[in-house]
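Commentary on secondary and tertiary structure
Chain residues, written in single-letter form:
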Amino acid sequence: GRARPSHSEPRGRDGRGGEEEMEGWQQLYPGHIPTSPLQKALLAAGSALMALYDPYRHDMVAVLGETTGCLALPNLRDKMKNHPEGYRILQERPRIRLSTLDMARLQGLPDGSLGREYVRFLEDNKVSPDTRMPPKFVDDEELAYVIQRYREVHDLMHTLLGMPTNMLGEVVVKWFEAIQTGLPMCVLGAALGPVRLSSRKLQVLATELVPWAIRSGLNASCVLNVYYEQRWEQPVESLREELGIFPPP
Amino acid sequence: RGLAAGPEMHFGFQTVTEEERREKIYRVFETVAKKYDVMNDSMTLGIHRVWKDILMHKMNPCPGTLLLDVAGGTGDIAFRFINYVRSVQQRQLQKKLKHHQNLSWQEIFESYQKDQFKSLGDSQVVVCDINREMLKVGKQKAQYLGYSEGLSWVLGNAEELPFDDDKFDVYTIAFGIRNVTCIDLALQEAYRVLKPGGRFLCLEFSHVSNPLLSRLYDLYSFQVIPVLGEVIAGDWRSYQYLVESIRQFPPQEELKAMIEDAGFLKVDYENLNFGIVAIHSGFKL
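Fair warning: this is a prediction, and the values are worked out from it, not measured in the lab.

Topic: the packing of aromatic side chains
Residues and elements named next belong to chain B. According to the stated counting rule, one finds 14 aromatic pairs over all chains in the structure shown. Taking the centre distance of 5.5 Å and the plane angle of 25° together, the rings of Tyr171 and Phe200 count as stacked. On the criterion of sequence distance, the pair formed by Tyr171 in strand E6 (residues 168-174) and Phe200 in strand E7 (residues 194-205) is long-range, its members being 29 residues apart. Pair check on accessibility: Tyr171 and Phe200 agree, each one buried. A connected cluster of aromatic rings, assembled from ring pairs, spans Tyr171, Tyr191, Phe200 and Phe264. The ring of Phe11 has Lys24 sitting right over it, with the charged end atom 5.5 Å from the ring centre.

The structure is reproduced here in structure tokens:
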């Protein structure tokens, strides 16, 4: 459901506070912080600046995504609702976490399968699915799940696109995600990420990687509509074909 | 929620038990300790430094003063005290040297040497804080800035100070009394550890009576400060607690009465920035 953000008006010691309407602090999901439109605007601006200033502040990128996603998120949710697999994901709310993944089983899968390549990706880049920020500023419980799903599926995007977690790889994935999701945070990341790349890398980016990412992004069906947890055995190449992602250069 | 383990109290705008409040506040400062100074500068646009300077000028300590700074965490008051006393000492030394015009070089050199060892002139400041993380940050700062002489750090609770009666010349608590569970106890302890003739000084957020200013202040507090907390420190909730706790704190006159109840005399307060902050002062006579 939707929440009206709270204005924390003082229960004044002298009985003041009656003139302003006192709304309860409606927490829609664990970790939810209701915010006013002004606070969201300030958060969006602040998190954008901080993320640029200190790229290691992943939490700021997350906050930026949440505060600017008010149009893109409902869009994504509707895309999921209108797709049989996406609809099931919304109903069942699967989470990708080390505690829910059977790492041993995935490692035992044949090379080239989604599960095996995903685990390889996690190991090679030394990342874990548990480092994704839970949403705080999304004022709708279902949309909060959508953005959470998007974050948890990000590593699978890397696997499907064959991109590492260095700056170049991240930018390419952001371009793909920007086309796929329309999230302003992805668009900003895609546009501003290249600023920190060397000119040689920029060339590769501009001539090969980005055009490919854009083509794939436009051609592919919605990546959030894939129940990845039920497709670990599927070969990555077959999943790419099914989705419409062109082979990486 | 079950039977409350003790009386119900405020944690910002929430209602909690005494034990919960103590724990929550400890965790707040444990979390913010490393970003405490940065946040203070951002939230107050650096003005908190002026407030603390004014407190020091009001105190006007002379060399030889023994100061207890409670809830002194990251050392802002302690360092200012040391700077102040040092500069007073320097000025005194210069005056003395001027009078020694007809001494030999050897005698001047000797007297200068003697006084160098006492650059603080026996002044001392004890920083007492209940939170280990805040003390840690304070000690690191002291090392970084080069403060060591006349400075000590003690882990302690303002409601039950680990010091003897009648020990200190001045007791300060800057932006700390708001977080104490029972203010009366802290005031009683302050009275106890001060020497007769000693001074109590409290610098704290207070109440703005001007209605227009009050609205602007509320707007800034509730809309901007938690956002700053999230962006700079990655911690919305601690700063939400901060702005709520300011509103729950007694206003100027009420705090004055509480200080008088603890036995202090000549209790007075001075508003800074229209009451956003107030300095309360009292004497143990």
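Considerations on the sheet that holds strand E8 (residues 265-272) of chain B
Residue and element names in this part refer to chain B. Read across the sheet, seven strands follow the order E5-E4-E3-E6-E7-E9-E8 without closing on themselves; strand pairing throughout is mixed. Two strands lie at the open edges of the sheet, namely strand E5 (151-155) and E8, each paired on one side alone. Each strand of the sheet is rotated relative to its neighbour by a mean of 15°, with strand direction disregarded. Pairing of E7 with strand E9 (residues 277-283), which is carried by seven bridges, proceeds in the antiparallel orientation. Its bridge partner lying in E9, Phe200 is registered against Gly282. Sheet contacts for helix H7 (residues 183-193): strand E3 (66-70), E6 and E7; angle to E7, the most-contacted strand, approximately 145°.

Some details on the interface of chain B and chain A
Contact with chain B, which involves 25 residues of that partner, is made by 28 residues of chain A. Summing both sides of the interface, chain B and chain A together bury roughly 2100 Å²; the carbon and sulfur share of this comes to 51%. Put simply, chain B and chain A have one salt bridge between them. A salt bridge links Lys136 of chain A to Glu230 of chain B; its shortest N-O distance comes to 3.0 Å. For the pair chain B and chain A, the number of links is five residue pairs in polar contact (both at pLDDT 80 or more). At the level of secondary structure, the elements contributing two or more residues to the side of chain B that touches chain A comprise helix H8 (211-233) and helix H9 (236-248) of chain B. Looking at the side of chain B that touches chain A, the element that brings in the most residues is H8 of chain B, giving 11 residues. A class-by-class count of the residues in the side of chain B that touches chain A yields 11 nonpolar, six polar and eight charged.

What about the pattern of salt bridges?
Pairing between side chains of opposite charge can happen when the charged atoms of each approach one another. Enumeration over the complete set of coordinates arrives at 34 salt bridges over all chains. Between Glu152 of chain A and Arg95 of chain A there is a salt bridge, with its nearest N and O atoms 2.8 Å apart. With Glu152 of chain A in helix H7 (residues 141-161) and Arg95 of chain A in the loop between helix H4 (84-92) and helix H5 (103-108), this pair connects stretches of sequence that are 57 residues apart. Taking relative accessible area as the criterion, Arg95 of chain A reaches 27% and is therefore assigned partly exposed. Where Asp166 of chain B meets Lys284 of chain B, a salt bridge forms, and the shortest distance between an N and an O atom there is 2.8 Å. Here Lys284 of chain B lies in the segment after E9 and Asp166 of chain B lies in the loop between E5 and E6, a separation of 118 residues in the sequence. What makes Asp166 of chain B partly exposed here is its relative accessible area of 39%. Given the relative accessible area of 9%, Lys284 of chain B is considered buried. Look at the salt bridges and you will find they share partners, linking Arg77, Asp78, Lys81 and Glu142 of chain A into a network.

Thoughts on a nonpolar patch on the surface
Residues Leu52, Leu188, Leu192 and Val195 of chain A make up a contiguous nonpolar surface patch of about 350 Å² in total accessible area. The exposed category is assigned to Val195 of chain A, whose relative accessible area is 65%.

Re helix H1 (residues 18-32) of chain B
Residue and element names in this part refer to chain B. Between its terminal C-alpha atoms H1 stretches 21 Å, which fits the 21 Å expected from 15 residues at 1.5 Å a residue. Turning to H1, its buried residues number three or more, namely Arg21, Ile25, Val28, Phe29 and Val32. The buried residues of H1 occupy an angular sector of 85° when the element is viewed end-on, so they sit on one face. Tucked inside the fold, the buried residues of H1 contact strand E1 (8-11), strand E2 (14-17), helix H2 (36-44), helix H6 (132-145) and H9.

Some remarks on the pairing of E7 of chain B
Of all 12 residues in E7 of chain B, nine are buried, a share of seventy percent or more. Note that the unit made of E6 of chain B, H7 of chain B and E7 of chain B has a crossover that is right-handed.

Re the nonpolar core
One finds Leu160 and Tyr228 of chain A to be the most contacted residues of the largest nonpolar core, which totals 58 residues. Not counting chain neighbours up to four residues away, the residues in contact with Tyr228 of chain A comprise Leu114, Arg149, Val153, Leu156, Met157, Leu160, Val223, Leu239 and Leu243 of chain A. Judged by nonpolar contacts, the second largest core, of 34 residues, contains Val88, Val125, Val208 and Ile276 of chain B.

With respect to the packing of H7 of chain A against helix H8 (residues 167-181) of chain A
All names here are of chain A. Between H7 and H8, the shortest axis-to-axis distance is 10 Å and the interhelical angle comes to 115°. Pair H7 / H8 crosses with right-handed handedness. Contacts from Tyr150, His154, Met157, His158 and Leu161 of H7 reach H8 at Gly169, Glu170, Val173, Lys174, Phe176, Glu177 and Thr181. Residues that form the contact of H7 with H8 fall into these classes: five nonpolar, four polar and three charged.

Details of a negative patch on the surface
Residue and element names in this part refer to chain B. Taken together, the side chains of Asp184, Glu253, Glu260 and Asp261 make up a negatively charged region of the molecular surface. No other element matches the three residues that helix H10 (residues 252-261) contributes to the negative patch. Within the secondary structure, Glu253 sits in helix H10. Under the relative-accessibility criterion, Glu253 is labelled partly exposed at 48%.

Points about H4 of chain A
Side chains three or four residues apart in an α-helix point the same way, a direct result of the helix having 3.6 residues per turn. Residue and element names in this part refer to chain A. Residues of H4 that are buried include every one of Glu85, Gly86, Ile89 and Leu90, and no others. Along the axis of H4, the buried residues cluster in a sector spanning 140°; they form a single face. In H4, those exposed residues whose orientation departs by more than 90 degrees from the buried face are Pro84 and Gln91. Against the buried residues of H4 lie helix H3 (72-81) and H7. At the C-terminal side of H4, Arg93 shows a positive phi close to 50°.

What counts and how
Residues numbered from 1 in each chain as written. Chains lettered and ligands numbered in written order. Predicted model: local features only at pLDDT ≥ 70, side-chain atom pairs only at ≥ 80, totals over all residues. Heavy atoms only, no water. Phe/Tyr/Trp six-rings, centres within 6.5 Å; stacked < 30°, edge-to-face > 60°. Helix = DSSP H or I, 4+ residues; strand = E, 2+ residues; numbered from the N terminus. Buried < 20%, exposed > 50% of the residue type's maximum accessible area, 1.4 Å probe, protein only. Lys NZ or Arg CZ within 6 Å of the ring centre and 35° of its normal. Pairing = 2+ DSSP bridges. Axes fitted to C-alpha atoms, helices over the stretch in contact; angles between N-to-C directions. Contact = heavy atoms within 4.5 Å. Buried area = accessible area lost by both parts, 1.4 Å probe. Salt bridge = Lys/Arg side-chain N within 4 Å of Asp/Glu carboxyl O. Polar contact = N/O pair within 3.5 Å; in protein donor to acceptor, adjacent residues only side chain to side chain. Nonpolar A, V, L, I, M, F, W, Y, C, P; charged D, E, K, R; others polar. Patch = residues over 30% accessible without salt bridge, like charges linked within 9 Å, V, L, I, M, F, W, Y side chains within 5 Å. Areas by Shrake-Rupley, 256 points an atom, 1.4 Å probe, with all protein chains shown as cover. Expected span 1.5 Å × (residues − 1). Arc of directions from axis to C-beta. Right-handed = clockwise from strand over helix to strand, strands pointing away. Core = buried A, V, L, I, M, F, W, Y, C linked by side-chain atoms within 4.5 Å. Left-handed = near helix turned anticlockwise from the far one by under 90°. Lys, Arg positive; Asp, Glu negative; His and termini not counted. Charge placed at Lys NZ, Arg CZ, Asp CG, Glu CD.

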